[in-house]
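# Structural overview for review
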Amino acid sequence: MPRLVLWFVLAVLAGPVAAQSACSGLMGDEALACVVQGYRPAVVLESAPSKDRLYASVDSSTADGVLGVEGMYSGYRVPFDCQPSCDPSQDVYNGGSGISQEHVFPRSRGTDGNQAETDLHHLFPVKQTVNAARSNDPFATLSDAAPSTWYRNGVTTSTRPADPDTWSQSSGGAFEPRAGVRGDVARAMFYVAAVYAAEVDVAWFEGQLVTLLAWHDAEPATEADVSRSERVALFQSGCGVGACVNPFVIDAALARQAFAPGTVSIEDAPEDLAVRVWPNPSRGGGWLDGGSVGAVQVDVVDVLGRSVWSREAVGRVELPVLAAGVYGVRVETEGRVLTVRWTVVR
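Summarised in this report is the structure supplied together with it. Please read all numbers here as calculations on a predicted model, not as lab measurements.

What follows covers the overall build of the chain. For the chain, the count of helices and strands is 10 helices and 18 strands. For the chain, with 346 residues in total, the buried portion stands at 49%. Partitioning the contacts of the chain with sequence separation of at least 6, the portion at a separation of at least 24 is 65%. Accessible area for the chain stands at about 15100 Å²; split by element, carbon and sulfur atoms hold 52% of it.

Looking now at the sheet that holds strand β3 (residues 66-70). Ordered by their spatial adjacency, three strands build an open sheet running β2-β3-β4, and the pairing between neighbours is antiparallel. Of all strands in the sheet, those bounded by a partner on one side alone are β2 (60-63) and β4 (77-79). Between one strand axis and the next, the sheet turns by 50° as a mean value, whatever way the strands run.

We now examine the pattern of salt bridges. By the definition in use, this model includes 14 salt bridges. Where Asp59 meets Arg228, a salt bridge forms, and the shortest distance between an N and an O atom there is 2.8 Å. Placement of Asp59 in the loop between α2 (47-58) and β2 and of Arg228 in helix α8 (residues 223-233) is noted, with a sequence separation of 169 residues between them. For Asp59, a relative accessible area of 15% gives the class buried. On the basis of relative accessible area, Arg228 is assigned to the buried category, the value being 10%. Here Asp217 makes a salt bridge to Arg256, at a shortest N to O gap of 2.5 Å. Separated by 39 residues along the polypeptide, Asp217 in helix α7 (residues 209-218) and Arg256 in helix α10 (residues 254-259) bring together distant segments of the chain. With relative accessibility at 27%, the residue Asp217 sits in the partly exposed group. Each member of the salt-bridge network shares a partner with another, and the members are Glu70, Arg77 and Arg178.

For α2, the set of buried residues is Ser50, Asp52, Leu54, Tyr55 and Val58. For α2, the elements touching its buried residues are β2, β3, α3 (88-93), β5 (99-103), β6 (123-127) and α8.

As a further point, take the state of the cysteines. With the rule as written, the count across this model stands at three disulfides. Here Cys23 connects covalently by a disulfide to Cys34, the sulfurs 2.0 Å from one another. An S-S torsion of about -90° defines the bridge between Cys23 and Cys34 as left-handed. Taken as a pair, Cys23 in the loop between β1 (3-10) and α1 (28-39) and Cys34 in helix α1 lie far apart in primary sequence, 11 residues in all. A relative accessible area of 9% means that Cys23 is categorised as buried. For Cys34, a relative accessible area of 19% gives the class buried. Across the disulfide, Cys82 is cross-linked to Cys86 (sulfur-sulfur distance 2.0 Å). A torsion of 115° about the S-S bond marks the disulfide between Cys82 and Cys86 as right-handed. Assessed through its relative accessible area of 35%, Cys82 is described here as partly exposed. The exposure class of Cys86 is exposed, given its relative accessible area of 52%. With cysteine numbering restricted to those in disulfides and following the sequence, the chain has the pairing 1-2, 3-4, 5-6.

The subject of this paragraph is the packing of aromatic side chains. Enumeration according to the criterion identifies 10 aromatic pairs in this entry. Between Phe248 and Phe259 the ring centres are 5.8 Å apart and the planes differ by 25°, which places this aromatic pair in the stacked class. Taken together, the positions of Phe248 in helix α9 (residues 247-250) and Phe259 in helix α10 put the pair 11 residues apart, joining distant regions of the chain. Taking the relative accessible area as the measure of exposure, Phe248 reaches 0% and is therefore buried. Residue Phe259 is classed as buried on the basis of its relative accessible area, which comes to 16%. Taken together, the aromatic side chains of Phe190, Phe205, Phe248 and Phe259 make up a single cluster linked through ring pairs. The ring of Tyr76 is capped by Lys127, whose NZ or CZ atom sits 4.8 Å from the centre of that ring.

Counting buried positions along β5 gives five out of five residues, so the element sits mostly inside the fold. The pairing of β5 with β6 spans five bridges and is antiparallel. Looking at β6, one finds that Glu102 is bridged to Phe124.

The subject of this paragraph is the environment of Tyr196. Within the element layout of this structure, Tyr196 appears in the loop between α5 (182-195) and α6 (202-206). By relative accessible area, Tyr196 is classed as buried at 1%. Residues Tyr196 and Gly110, spaced 86 residues apart in sequence, show a C-alpha to C-alpha distance of 8.8 Å. Leaving out residues up to four positions away in the same chain, Tyr196 has contacts with Arg40, Pro41, Gln115, Ala116, Asp119 and Tyr191.

The rules we used
Residues numbered from 1 in each chain as written. Predicted model: local features only at pLDDT ≥ 70, side-chain atom pairs only at ≥ 80, totals over all residues. Heavy atoms only, no water. Helix = DSSP H or I, 4+ residues; strand = E, 2+ residues; numbered from the N terminus. Buried < 20%, exposed > 50% of the residue type's maximum accessible area, 1.4 Å probe, protein only. Contact = heavy atoms within 4.5 Å. Areas by Shrake-Rupley, 256 points an atom, 1.4 Å probe, with all protein chains shown as cover. Pairing = 2+ DSSP bridges. Axes fitted to C-alpha atoms, helices over the stretch in contact; angles between N-to-C directions. Salt bridge = Lys/Arg side-chain N within 4 Å of Asp/Glu carboxyl O. Disulfide = S-S within 2.5 Å. Phe/Tyr/Trp six-rings, centres within 6.5 Å; stacked < 30°, edge-to-face > 60°. Lys NZ or Arg CZ within 6 Å of the ring centre and 35° of its normal.

Any functional reading would require information that these geometric values do not contain.
Below you can see the structure in the form of structure tokens.
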């Protein structure tokens, strides 16, 4: 009898984009090859123009009526004020006290001296001091209780803040971006690891894969993310599919297809793994229908990942009455993982 394990995990609904397809149905190496053939640009900008376009065209925004650039990790903003220069990169750099260009996939890990160095899909404006603090550290989910340095706006502190998720954090040679940009970081990392696999340190990337997939799932791409990807595509060309967008932004399923090929969305699962959670949305309780998959272990967790209910059963499982919130279902069997969101409303 096949054994099936299901976990309920938090999934944040952040205005994900409508489903689009890239490399549909392909898994593993076939999906990765499809990404390279379809989405690797033949032409990217040189170093100086890439910085100027990053600030002035891709990531410029207006806040309180002032045009400027916001650092991804800390939210620190710098206006375009032609001080000390009207050149976009010098304008926001402010002699080292402002914004610089962050390589999400570090140059020391293979994106130096080749096309990946100026590929805008993994370049973001970041406060220079935070850029230096992140350096080439891997990404990780860090304990809020660990001795850490925290970054938000122009503030750096070693004191744990009251609202840690709104701060980026470095500790023990690892870096955790603030909530709201973790999914962006993950999709930038997926892009470089797929498109430039022959040039970069894939083993270093794979050490972070579980974390990055979790961030990608928890913070789905939004319409704003798609718009940014399309703005980048205006400055890169020669992709097999036409517009040189980041395919991991337009197709939420692609990351697991390419890097965790045993995982699929529960809605797209093969018939022999048909599992359903209903009603969805629910007004408190519900059912999990395991179909013909056999023994099932159901674990319900709260928004902090703490288990609040657990049961083993076969076939249909009655779920507990839960407080309103957004949960997810993770189904693992024989190396395959199926996921679905489950919303509880009142």
